[in-house]
Amino acid sequence: MKSPSLLRQYLAVTKPRIVALIVFTAIIGMLLAVPGLPPWREAIAGTVGIWLAAASAAAINHLIDQRIDKLMVRTAHRPLAVGALRPMQVLVFALALGALSMLILVLFDNLLTAVLTLLGLIGYAVVYTAFLKRATPQNIVIGGAAGAVPPILGWTAVTGAVHPHALLLFLIIFIWTPPHFWALAIFRRDDYARAHVPMLPVTHGVEYTRWHVLLYTVLLVVITVLPYLTGMSGLFYLGGALVLGGAFLWYAIRLLDPPDDFFAMRVFNYSIIYLMALFAFLLVDHYLPPLDVAPTMILERVQ
């Protein structure tokens, strides 16, 4: 079998699928920040800058986790784990991506976005990966703050300010992260135990973690109603959020007594679809006329 090219190995250390979700939520933040379309220059620069910073953080994560990656089935194929890339190569690559990100954000967006992006990068790559991940079973709860920052970054990239609605987007992702990741941790608990990573199902057991998934999911459903209650979104979003949340609750309840060992991965996979769909509902609702006003507008046009 032909080995992957060097370019593909570098791409792999940026965790492209995870980064794509991060950039997606940042773009939604940009679009929700303004009534119409955001200024194109700031939007493009913000998207590229946030993508580069997230890719840099992912590469540093690979670098710090290379020892435990070799011990885990899920990560044993990563470029550093198999020796396809050397640590110094990944370090230089990560620093170059991070520096380019800061340069783009400072020159084409604003200093606030650059500073917040840098803090997010450090929060994930250093605070979470190097310390929290190995220090406490609440690692993903505390460290989830770094992964929840992108909508704020998108918002500030096009407005230059942090708005309460941007903080609400942050809160949604922050509360979503534990049930999302704990579902994966339940399925991969043997991997984490082998690598001596104190994930919740390893330190407190699977049943304890299942109940935490359910409790956080209930809290998530409650939190996702706030955009409607605060006037950030309308009935279209509310309906979508309740349907998506109801499905997530069903998965979380079913996880208490799952039909098979793989069900935790189905919960994990749904959680990704859930977040993308929830933000898509927010976006569509943003550009729709209020549902309670729409009939009046139609009658006026007819008259």
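This structure is a prediction, so every number in the text was calculated from the model and none was measured.

Cut-offs and rules
Residues numbered from 1 in each chain as written. Predicted model: local features only at pLDDT ≥ 70, side-chain atom pairs only at ≥ 80, totals over all residues. Heavy atoms only, no water. Helix = DSSP H or I, 4+ residues; strand = E, 2+ residues; numbered from the N terminus. Buried < 20%, exposed > 50% of the residue type's maximum accessible area, 1.4 Å probe, protein only. Polar contact = N/O pair within 3.5 Å; in protein donor to acceptor, adjacent residues only side chain to side chain. Salt bridge = Lys/Arg side-chain N within 4 Å of Asp/Glu carboxyl O. pLDDT = per-residue confidence, 0-100. Contact = heavy atoms within 4.5 Å. Core = buried A, V, L, I, M, F, W, Y, C linked by side-chain atoms within 4.5 Å. Phe/Tyr/Trp six-rings, centres within 6.5 Å; stacked < 30°, edge-to-face > 60°. Patch = residues over 30% accessible without salt bridge, like charges linked within 9 Å, V, L, I, M, F, W, Y side chains within 5 Å. Areas by Shrake-Rupley, 256 points an atom, 1.4 Å probe, with all protein chains shown as cover.

A.B. asks: Sorry if this is basic, but what is going on with the environment of Asp260 here?
C.D. replies: Here Asp260 lies in the loop between α15 (235-255) and α16 (263-287). Judged by relative accessible area, Asp260 falls into the partly exposed class, the value being 34%. Measuring from C-alpha to C-alpha, the distance between Asp260 and Val19 comes to 30 Å, with 241 residues separating the pair along the chain. Polar contacts involving the side chain of Asp260 include one to the main-chain amide nitrogen of Phe262, which spans 3.0 Å.

A.B. asks: What's the story with the pattern of salt bridges in this structure? I'm lost.
C.D. replies: Opposite charge on two side chains lets them pair, provided their charged atoms get close. In this structure the tally under the stated criterion is six salt bridges. Taking the shortest distance from any N to any O, the salt bridge between Lys133 and Asp65 comes out at 2.6 Å. In this pair, Lys133 is assigned in helix α7 (residues 111-135) and Asp65 in the loop between α3 (40-64) and α4 (66-69), connecting sequence segments 68 residues apart. In this structure, Lys133 and Asp65 share a single accessibility class: buried.

A.B. asks: Any chance you could explain the confidence of the model for the protein chain here in plain terms?
C.D. replies: Close inspection of predicted coordinates is inappropriate for parts of the model with low pLDDT. Per-residue confidence for the protein chain gives a mean pLDDT of 90, with 94% of residues at or over 70. Predicted confidence in the protein chain is weakest over helix α17 (residues 294-302), with a mean pLDDT of 40, and strongest over α15, with 97. Here residues 293-303 scores under 50 on pLDDT; set against residues more than four positions off or in separate chains, the count is one contact.

A.B. asks: When you look at helix α9 (residues 150-159) in this model, what are you seeing that I'm missing?
C.D. replies: Residue pairs spaced three or four apart in an α-helix point in one direction, given the helix's 3.6 residues per turn. Burial within α9 is extensive, with nine of its 10 residues counted as buried. Inspection of α9 places Pro150, Pro151, Ile152, Leu153, Gly154, Trp155, Thr156, Ala157 and Val158 among the buried residues, and these make up the whole buried set. Contact partners of the buried residues in α9: α2 (16-32), α3, α7, α8 (139-147), α10 (164-187) and α16. One or two steps after α9, the chain reaches Gly160, where phi turns positive at roughly 80°.

A.B. asks: Teacher, can you tell me more about the nonpolar core here?
C.D. replies: Generally speaking, nonpolar side chains in soluble globular proteins are found buried as a group. In this structure, Trp176, Tyr192 and Tyr274 are the most contacted members of the largest nonpolar core, which totals 63 residues. For this core, the leading source of residues is α10, giving 13 residues. Formed by 13 residues, the second largest nonpolar core is a distinct cluster that contains Tyr10, Leu63, Leu80 and Val90.

A.B. asks: Would you mind going over the side chain of Asp285 with me for this structure?
C.D. replies: Turning to its location among the elements, Asp285 is positioned in helix α16. Assessed through its relative accessible area of 9%, Asp285 is described here as buried. The residues contacting Asp285, other than those within four sequence positions of it, are Ser233, Gly234, Leu235, Phe236 and Tyr237.

A.B. asks: Would you mind showing me how to read the side chain of Thr177 here?
C.D. replies: Tracing the backbone shows Thr177 in helix α10. Since its relative accessible area comes to 10%, Thr177 is described here as buried. When residues no more than four places from it in sequence are discounted, the contact partners of Thr177 are Ile140 and Gly144.

A.B. asks: Mind showing me how you'd approach the packing of aromatic side chains here?
C.D. replies: Two descriptors summarise a pair of aromatic rings, namely the distance from one centre to the other and the angle between the planes of the rings. Applying the stated criterion to the full structure yields 13 aromatic pairs. Centroid distance Trp250 to Phe263: 6.2 Å. Interplanar angle 70°. Geometry classified as edge-to-face. Linking Trp250 in helix α15 with Phe263 in helix α16, this pair joins segments that are 13 residues apart in sequence. Phe263 sits in the buried class, given a relative accessible area of 3%.

A.B. asks: What is the right way to look at unusual backbone geometry in this model?
C.D. replies: Negative phi values dominate among residues other than glycine, just as trans dominates among peptide bonds. You will see that Lys15, though not glycine, has its phi angle at about 50°, which is positive. Tracing the backbone shows Lys15 in the loop between α1 (6-12) and α2. Backbone geometry at His196 places phi at a positive 60°, although glycine is not the residue there. For His196, the location among the structural elements is in the loop between α11 (189-194) and α12 (200-203).

A.B. asks: Could you clarify how one ought to interpret a nonpolar patch on the surface in this entry?
C.D. replies: A surface patch of nonpolar side chains, amounting to about 730 Å² of accessible area, comprises Leu100, Leu103, Val106, Leu107, Phe108, Leu111, Val115 and Leu119. Per-element accounting of the nonpolar patch gives the leading share, five residues, to helix α6 (residues 87-108). Structurally, Leu100 is set in helix α6. Given a relative accessible area of 39%, Leu100 falls into the partly exposed group.

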